[in-house]
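Overview (structure and organization)
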Amino acid sequence: MQRTTPRLRVLRIATVGICALVAVLSLFLLSDTLLEYGLTSGTIAGLFVSVGRSIAELTGFTLLSFRFGWRMVAIGALIGIVGPLIGMYIVHREMALIGETLAHTAFAGVAIGLLFTSVTGIQTSYLVPALVVAIIGAFIVQYLADRSSSYGDVPIAIMLSGSFALGTLVISFGGGLTGISIEGVLFGNVSVVHPSGGAMMLGLSAIVLAVVGTQYKQLLFITFDEQAAKVAQFDVSLYNSLLVVLTALVVVGAMQILGVILVAAMLVVPVAAASQIATSFREAVYISILVGEFSVIVGILAAHQAGLPAGGSIVMIAVFFYAAAVILSERGLSTVSAH
Amino acid sequence: MTSVIDITDVSLSYGDTPAVSDVSLTVETGEFLGLIGPNGSGKTTLLHIMLGLLEPDTGSVELFGTPIDAFDEGHRIGYVSQQSTNKGSSMPVTVREIVEMGRFSHVGSRRLGADDHAIVDDALETVNIDTLQHRRVNALSGGQRQRAYIARALASEADLLALDEPTVGVDAESRDQFYGLLDDLNNNGITIVLIEHDIGVVTDRASRIACINRELFHHGDTASFVESNALADAYGASGRIVHHHH
């Protein structure tokens, strides 16, 4: 019996190719981090910048002539994989609001981190307190969900606005807190992407890929039919907690480029687009990663060239894909025979 | 012979409202048990207690001779819930992917092997949906979708099949074919527990009937149920059996 379809095989090859390119970009992030801490001469990072200068001469796209440009593209490329990958589960578990909530919780973490720095004088990356508070937020979300019949949107919405309100109060209380651009944190900005952010994105992505790579099947079963998965004795509560924590990791890693306000879009929009036209879950995973990658890379390059914020450009390209997928779906592409 | 399900003096309340009161019953290997009762009578609650989805306030539950807290052979149970019947309207999942889920508790973290795929192929053929394996589940009719869930249970090599009103929204012809499939599976040794609102279907198919309305009004073979007053006792004056002859 034929277990796969030609269309699935083509999509798999395309996704594997994209993932190989992202792996190469990850080498840059590694070299960039080691260079920042004086642990290497940065030969690989230098090579990327040289290639970028050649690209700039040929095409006029100047972003890749700089180390920060490659850093941004490499971080974005990782977001293009892990965002849709986690999004596939949270969207179909009807937890799409969770990503937005954890991003706003992370903003409270950023504010608390800034206050900590101003009071103690100890400098840390703003992503560290954001990560800690987002993970705590993830467990609170799970606690609230366990005590209601589903991921009820009222307590989640209260947590979303409550944590954002806390963030604004802490920043106001801190008065002249400086060091990073709050606007950059909210909307995504090149200036807030530090080499340590690249290292963190590399680590967070490795964790997400390792967990989803080994637990893909269990997460799929629980997402599709939670009660049957419970009867089959999968630890549904554990997997739900794991999923929410992984969402927190992706959100904090991705907010450097996309900003707090837009970060959840990367978990939701490519998945929504893929789900319109995919004929299977595997296909939807591949298509959502391809949509995510294209949106991020083209969005970053176009935004830099036009002097626009990266987050907005990325999300608008993804939304364009979604609109196109809806039109294609209505014309019956998703029902094309897979035989 | 070991019982498949054995519940003793089970009670469960939602707040101050009793859902199931002091129910004891046994499901033997190879039995086809029809679980009936009026709307809100606690049928689904009782089934959830049997399967370990709900913990009773009092009483004990054993599955395949093992106390439910120590039971670790979840793959022996195939469950088709009302929830799973409704799911899949937006999620892009194919019939084959659903049936493959039946192998997940066997393989753990490793990939499905050739043996697993052969078992999935057999399950698809047994329920006669092998030609639909690459269709998205939301493109199927209600009856075809139920067959996919049955195939998932077969792929997990389930000894017990528990179904909660599986034919709601399914047309009469598909429903008859579906119950014919259940008969075949039962004749091949699979124990079946079926919640069904249509009493005629249950009395036509099941070997034993459990009739509840919070408490157990009848538990015995189908003939004794038809002759008893359990139906009137549980349903009130409105309860009557309508047999189907399509």
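Here, every reference points to the structure presented above.
Treat the numbers as computed from the prediction; the structure is a model and nothing was measured. (Residues numbered from 1 in each chain as written. Chains lettered and ligands numbered in written order. Predicted model: local features only at pLDDT ≥ 70, side-chain atom pairs only at ≥ 80, totals over all residues. Heavy atoms only, no water.)

Facing the 33 residues of chain A at the interface are 44 residues of chain B. Roughly 3200 Å² of surface becomes buried between chain A and chain B when both sides are summed, with 60% attributable to carbon and sulfur atoms. Here chain A and chain B share three salt bridges between them. One salt bridge connects E97 of chain B with R282 of chain A, and the closest N-O pair in it is separated by 3.3 Å. Looking at the side of chain A that touches chain B, the elements that each hand over two or more residues are α8 (195–224), α9 (226–231), α11 (265–277) and α12 (281–306) of chain A. When residues in the side of chain A that touches chain B are grouped by element, the largest group, eight residues, is from α8 of chain A. (Contact = heavy atoms within 4.5 Å. Buried area = accessible area lost by both parts, 1.4 Å probe. Salt bridge = Lys/Arg side-chain N within 4 Å of Asp/Glu carboxyl O. Helix = DSSP H or I, 4+ residues; strand = E, 2+ residues; numbered from the N terminus.)

Before going further, it helps to spend a moment on the packing of aromatic side chains. In this description, an aromatic ring pair is defined by two values, namely the gap between the centres and the angle between the planes. In the structure shown here, the tally under the stated rule is 14 aromatic pairs over all chains. Taking the centre distance of 5.4 Å and the plane angle of 85° together, the rings of F294 of chain A and F321 of chain A count as edge-to-face. Of this pair, F294 of chain A sits in helix α12 while F321 of chain A sits in helix α13 (residues 310–330), and the two are 27 residues apart along the sequence. With relative accessibility at 25%, the residue F321 of chain A sits in the partly exposed group. Taken together through their ring pairs, the aromatic side chains of F28, F48 and W70 of chain A make up a single cluster. Positioned over the ring face of F64 of chain B is R76 of chain B, at 3.9 Å from the centre of the ring. (Phe/Tyr/Trp six-rings, centres within 6.5 Å; stacked < 30°, edge-to-face > 60°. Buried < 20%, exposed > 50% of the residue type's maximum accessible area, 1.4 Å probe, protein only. Lys NZ or Arg CZ within 6 Å of the ring centre and 35° of its normal.)

All names here are of chain A. With their axes 9 Å apart at the nearest point, helix α4 (residues 96–120) and helix α10 (residues 236–262) run at an angle of 70° to one another. By the angle between their directions, the pair α4 and α10 is classed as roughly perpendicular. Where α4 crosses over α10, the two elements pack in a sense that is right-handed. Contacts between α4 and α10 pair I98, G99, E100, L102, A103, H104, A106, F107 and V110 from the former with V244, T247, A248, V251, V252, M255, V260 and I261 from the latter. (Axes fitted to C-alpha atoms, helices over the stretch in contact; angles between N-to-C directions. Parallel < 35°, antiparallel > 145°, perpendicular 65-115°, else oblique. Left-handed = near helix turned anticlockwise from the far one by under 90°.)

A separate point is the sheet that holds strand β10 (residues 215–221) of chain B. Sheet strands associate in pairs through backbone hydrogen bonding, adopting either a parallel or an antiparallel arrangement. Residue and element names in this part refer to chain B. Strand order across the open sheet formed by six strands is β6-β7-β8-β3-β9-β10, with mixed pairing between neighbours. Edge positions in the sheet fall to β6 (77–80) and β10, since each has one partner strand and no second. Strand-to-strand, the axes of this sheet are offset by a mean angle of 15°, without reference to chain direction. As paired strands, strand β9 (residues 208–213) and β10 are joined by six bridges and run antiparallel to one another. Residue pairing in the sheet places I212 in a bridge with L216 of β10. Relative to β6, helix α5 (residues 142–155) is tilted by about 165°, and along the sheet it contacts β6 and β7 (160–164). (Pairing = 2+ DSSP bridges.)

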